[in-house]
Amino acid sequence: MAVAQEIRCSHCGAPVEFEPGEIIATCKYCGFTTVIETGQTFTFEHSLLLNKYDETQISEPIKDWMQSGFLKPSDLPRKAKILEKNLIYLPFWVISVEAKSTYKGVFERISPPVVKEGTVEKEYNWLVLAREAAEFPAREYDVPLEGKIPFDFRKIEGFAKVLNSEIDMDEALQLAKQQIEAHHRFLLQKDVDRIIDLRTEFSVTQEVYLHAPVWFIKYEYKGSAYQLIIDGATGIAVKGDIPSSKFGLF
Ligand SMILES: [Zn+2]
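Draft legend 1. Molecular detail of the overall build of the protein chain. Secondary structure summary: the protein chain contains 3 helices and 13 strands in total. In terms of overall dimensions, the protein chain has a C-alpha envelope of 65 × 65 × 35 Å along the principal axes. For the protein chain, the residues scored as buried account for 42% of the 250 residues in total. Within the protein chain, contacts between residues at least 6 apart in sequence are counted, and of these 69% link residues at least 24 apart. Of the roughly 14,400 Å² of accessible surface on the protein chain, 50% is carried by carbon and sulfur atoms. Seen as two clouds, the 29 positive and the 37 negative side-chain charges of the protein chain have centres 6 Å apart.

Structure representation (structure tokens):
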């Protein structure tokens, strides 16, 4: 990992550490957020989702996950050993947007093929992870936005880590637009086999910078290490590696 750099927090004067590539940093002493490049105050809404678990309590949702679902080995809750439990507040951009795609395509499943036109119109709170290279399945994360409060550094646990943003709002908006259009293309597969023309109009109603508590759990089972990701606001497993059960056929 590259060496951390430092700027001064313009609110409390404390050093604000950041790493190369990070462009928005939050002071861990006062919660003030600064745009690193310009040194300007971050003027957009900065929100926080509260974490419900401490390092002991997180064992409950871990156990629940291990016990549920028929794909898991039945001795998993008993035999699994927790190696690491890390609470990380991940930065996201939440783009509230109405997206309307107008399409023209060919329906080729019948003969002769027919040209179809239509629209797909949907509203989203589209989530963009504000990190370049994070192994986090943002599409599988149903962010519980109802619980968000204005960012408050006093609510951040001492043992937790807060990651800064590496993506600015404009970039997040571009990503969201691309991802939404790709999603609409995917949805259109049931109506048309080949898209000739697709145009999407976006009407953005809100853009929020959000830190959400995510537990990264590493556990060991029968000599191998696995990862489990749990939403700290709800206790819901976002994604988990499941050891393949050996059914012992022979
Ligand atoms: Zn500060």
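Now that the structure is up, let's keep going.
Draft legend 2. Spotlight on the coordination of the zinc ion. Bound to the zinc ion are the protein donor atoms C9 (SG), C12 (SG), C27 (SG) and C30 (SG), situated 2.3 Å from the metal. Taken together, the 4 donor atoms coordinating the zinc ion and their angles of 104 to 114 degrees define a geometry best described as tetrahedral. Each donor residue of the zinc ion lies on one chain, and together they are spaced C-x2-C-x14-C-x2-C. Taken as a pair, C9 in the loop between β1 (5-8) and β2 (15-18) and C30 in the loop between β3 (24-26) and β4 (33-35) lie far apart in primary sequence, 21 residues in all. Residue C9 shares its accessibility class with C30, and that shared class is buried.

Draft legend 3. Spatial organisation of a negative patch on the surface. Negative charge collects at one region of the surface, where E37, E132, D168, D170 and E171 lie side by side. By the element assignment, E132 lies in the loop between β8 (114-129) and β9 (149-150). A relative accessible area of 54% means that E132 is categorised as exposed.

Draft legend 4. Main features of a nonpolar patch on the surface. Taken together, the side chains of F70, L71 and I242 present a nonpolar region at the surface, about 370 Å² in accessible area. Relative to the assigned elements, L71 resides in the loop between α1 (59-67) and α2 (76-79). The exposure class of L71 is exposed, given its relative accessible area of 55%.

Draft legend 5. Quick peek at α1. Residues P61, I62, W65 and M66 constitute the buried set of α1. What you see down the axis of α1 is that its buried residues fit within an arc of 140 degrees, all on one side. Along its buried surface, α1 packs onto α2, β7 (81-107), β11 (194-221), β12 (224-231) and β13 (237-240). A positive phi of about 90 degrees marks G69, the residue just after α1.

Draft legend 6. Highlighting the pattern of salt bridges. Tallying each qualifying case throughout the model produces 11 salt bridges. In this structure, the salt-bridge partner of E22 is R131, at a minimum N-O distance of 2.9 Å. Note that E22 is positioned in the loop between β2 and β3 and R131 in the loop between β8 and β9, a separation of 109 residues in sequence. In this structure, E22 and R131 share a single accessibility class: buried. What emerges from the salt-bridge pattern is a single network uniting E22, R131 and E166.

Draft legend 7. Molecular detail of the side chain of S96. Note that S96 resides in strand β7. For S96, a relative accessible area of 10% gives the class buried. Residues within four places of S96 in sequence aside, it is in contact with Y124, N125, S203, V204, T205 and Q206.

Draft legend 8. Structural view of the sheet that holds β3. With respect to topology, 3 strands assemble into an open sheet ordered β3-β4-β5, the strand pairing being antiparallel. Where the open sheet ends on each side, the last strands, each with one partner, are β3 and β5 (40-41).

Thresholds, definitions, all that
- Residues numbered from 1 in each chain as written.
- Predicted model: local features only at pLDDT ≥ 70, side-chain atom pairs only at ≥ 80, totals over all residues.
- Heavy atoms only, no water.
- Helix = DSSP H or I, 4+ residues; strand = E, 2+ residues; numbered from the N terminus.
- Buried < 20%, exposed > 50% of the residue type's maximum accessible area, 1.4 Å probe, protein only.
- Contact = heavy atoms within 4.5 Å.
- Areas by Shrake-Rupley, 256 points an atom, 1.4 Å probe, with all protein chains shown as cover.
- Lys, Arg positive; Asp, Glu negative; His and termini not counted.
- Charge placed at Lys NZ, Arg CZ, Asp CG, Glu CD.
- Donors = N, O, S within 2.8 Å, 3.2 Å for Na, K, Ca; no water.
- Tetrahedral: all angles 85-135°; square planar, octahedral: opposite > 155°, others 65-115°.
- Patch = residues over 30% accessible without salt bridge, like charges linked within 9 Å, V, L, I, M, F, W, Y side chains within 5 Å.
- Salt bridge = Lys/Arg side-chain N within 4 Å of Asp/Glu carboxyl O.
- Arc of directions from axis to C-beta.
- Pairing = 2+ DSSP bridges.

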